Amino acid sequence: RAVRREGLELMVRGPTYKVGNHEMWMLDGDVKICEQLKRNRYWEPGVAALIEKYANPGWSFLDLGAHIGSFTLLASPLYRHVIAVEANPEAYVVLAKNVQWNELRNVETYGVAVWDHDQGVALVPQITNSGMSWVASRKEKRDSIRVPSMTLRQILGNRRPEVWKIDIEGAEYAALKDCRDYLEKAQVVITEYCTSQLERTSQATGRKYFDLLLDAGLEWFRLDRRPVQFQELPAGGYDNFILLRRN
């Protein structure tokens with residue numbers, strides 16, 4: 001089955017796979033996320049559990065770095081509205097296909113990089129682990145492709161999602177630094193944290209990202225709800241954290 005988006009043609013090959021309550025198409029060649037979804041029917045179960053735990057049918061869910069849509073599809077029946085953003089063009093085609101295939105009428109998708117401007121960015125695509133595509137540094141641009149970009153303010157407009165999931169490979173600070181008014185309305189933020197990615201992509205320290213969310217009235221916790229201070233965040237590698245609105 002061929003799926004087209006702005007001249008891009010990608011063969012989305014069957015069969016579909018049952019993931020939760022939905023049927024999902026997979027991205028051919030991805031041996032990381034897609035293979036785990038095929039085998040185990042889940043990706044990052046701790047994150048999935050929190051999306052379900054904090055679900056509210058009156059709230060909106062924002063999925064930044066939606067990949068092919070495993071969390072987007074999970075959130076669709078649980079939230080009033082879902083906004084899914086994915087920069088990798090091939091992953092976005094499959095995301096859009098999965099939303100269409102499952103007839104998710106409350107899901108809005110964007111095939112763009114969320115960034116601090118709308119002039120487009122250079123993206124380093126990863127074929128075997130497409131969820132790890134990132135905005136290129138100057139040294140990496142020869143291995144990159146050009147993709148459209150939008151600011152978060154352009155995507156959201158007057159909307160203020162209550163629950164956010166953020167995994168955009170180090171672009172977190174660049175995308176959010178001018179969006180404190182949006183963050184101040186968030187009740188729950190689930191984010192990946194990786195110092196080396198933030199430094200490479202956003203040219204920002206981990207401390208800057210930590211403080212950005214803290215200053216918006218959000219407290220950092222591990223996924224098991226243990227409070228975490230900045231000095232306890234991983235200096236190398238990455239991990240997921242949940243931030244909750246302070247009372």
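Preceding block: the structure.
A. The arrangement of the overall build of the chain in detail. Counting secondary structure elements, the chain contains 9 helices and 16 strands. Taking 18 Å as the expected radius of gyration for a compact globule of 247 residues, we find that the chain reaches 17 Å, a close match to that expectation. Dimensions of the chain along its principal axes, counting C-alpha atoms only, are 50 × 45 × 35 Å. Taking all 247 residues of the chain together, 56% fall into the buried category. Sequence separation of 24 or more characterises 65% of the internal contacts of the chain that already satisfy a separation of 6 or more. For the chain, the exposed area adds up to about 11,500 Å²; of that, 46% sits on carbon and sulfur atoms. Between the mean site of the 33 positive side-chain charges and the mean site of the 32 negative ones, the chain shows a separation of 1 Å.

B. Local environment of helix H8 (residues 195–202). Within H8 the residues assigned to the buried category are Thr195, Gln197, Leu198, Thr201 and Ser202. Relative to the axis of H8, the buried residues are bounded by an arc of 165° and lie together on one face. Of the surrounding elements, those touching the buried residues of H8 are strand E10 (134–135), helix H6 (172–176), strand E14 (188–193) and helix H9 (206–215). Where H8 terminates, the next one or two residues include Gln203, which has phi positive at roughly 50°.

C. Structural context of the pairing of strand E13 (residues 163–166). Neither face of E13 is left uncovered, since the one carrying Val163 and Lys165 and the one carrying Trp164 and Ile166 both have all their residues buried. Of the pairings in the sheet, the one linking E13 to E14 comprises 4 bridges and is parallel in character. Pairing of Val163 across the sheet is with Val188, part of E14.

D. Up close: the packing of aromatic side chains. Within this structure, the stated rule accounts for 8 aromatic pairs. Ring centres of Tyr209 and Trp220 lie 6.1 Å apart, and the angle between their planes is 85°; on these two criteria the pair is classed as edge-to-face. Here Tyr209, found in helix H9, pairs with Trp220, found in strand E15 (residues 218–221); they are 11 residues apart in sequence, far enough to count as distant. With respect to burial, Tyr209 and Trp220 carry one shared label: buried.

E. Structural context of the sheet that holds strand E16 (residues 239–245). Spatial ordering of the open sheet is given by E7-E6-E5-E13-E14-E16-E15, a layout of 7 strands whose pairing is mixed. Each edge of the open sheet is held by one strand with a lone partner, namely strand E7 (107–110) and E15. Ignoring strand direction, the axes of neighbouring strands in this sheet form an average angle of 15°. Relative to the sheet, helix H2 (residues 45–53) contacts strand E5 (60–64), E13, E14 and E16, its axis offset from that of E14 by approximately 170°. Lying on the sheet, helix H4 (residues 89–101) is in contact with strand E6 (81–85) and E7; it crosses E7 at an angle near 165°.

F. Spatial organisation of the nonpolar core. Leu64, Leu152, Ile155, Trp164, Leu176, Tyr209 and Trp220 are the most contacted members of the largest nonpolar core, which totals 45 residues. Residues in contact with Trp164, not counting those within four places in the same chain, are Leu62, Leu152, Leu176, Tyr182, Leu183, Ala186, Val188, Val189 and Ile190. Counting 36 residues, the second largest nonpolar core, distinct from the first, contains Val19, Ile68, Ile190 and Phe221.

Rules of the game
- Residues numbered from 1 in each chain as written.
- Predicted model: local features only at pLDDT ≥ 70, side-chain atom pairs only at ≥ 80, totals over all residues.
- Heavy atoms only, no water.
- Helix = DSSP H or I, 4+ residues; strand = E, 2+ residues; numbered from the N terminus.
- Rg over C-alpha atoms; globule rule 2.2 N^0.38 Å.
- Buried < 20%, exposed > 50% of the residue type's maximum accessible area, 1.4 Å probe, protein only.
- Contact = heavy atoms within 4.5 Å.
- Areas by Shrake-Rupley, 256 points an atom, 1.4 Å probe, with all protein chains shown as cover.
- Lys, Arg positive; Asp, Glu negative; His and termini not counted.
- Charge placed at Lys NZ, Arg CZ, Asp CG, Glu CD.
- Arc of directions from axis to C-beta.
- Pairing = 2+ DSSP bridges.
- Phe/Tyr/Trp six-rings, centres within 6.5 Å; stacked < 30°, edge-to-face > 60°.
- Axes fitted to C-alpha atoms, helices over the stretch in contact; angles between N-to-C directions.
- Core = buried A, V, L, I, M, F, W, Y, C linked by side-chain atoms within 4.5 Å.

Fair warning: the whole summary comes from geometry, so function is off the table for now.
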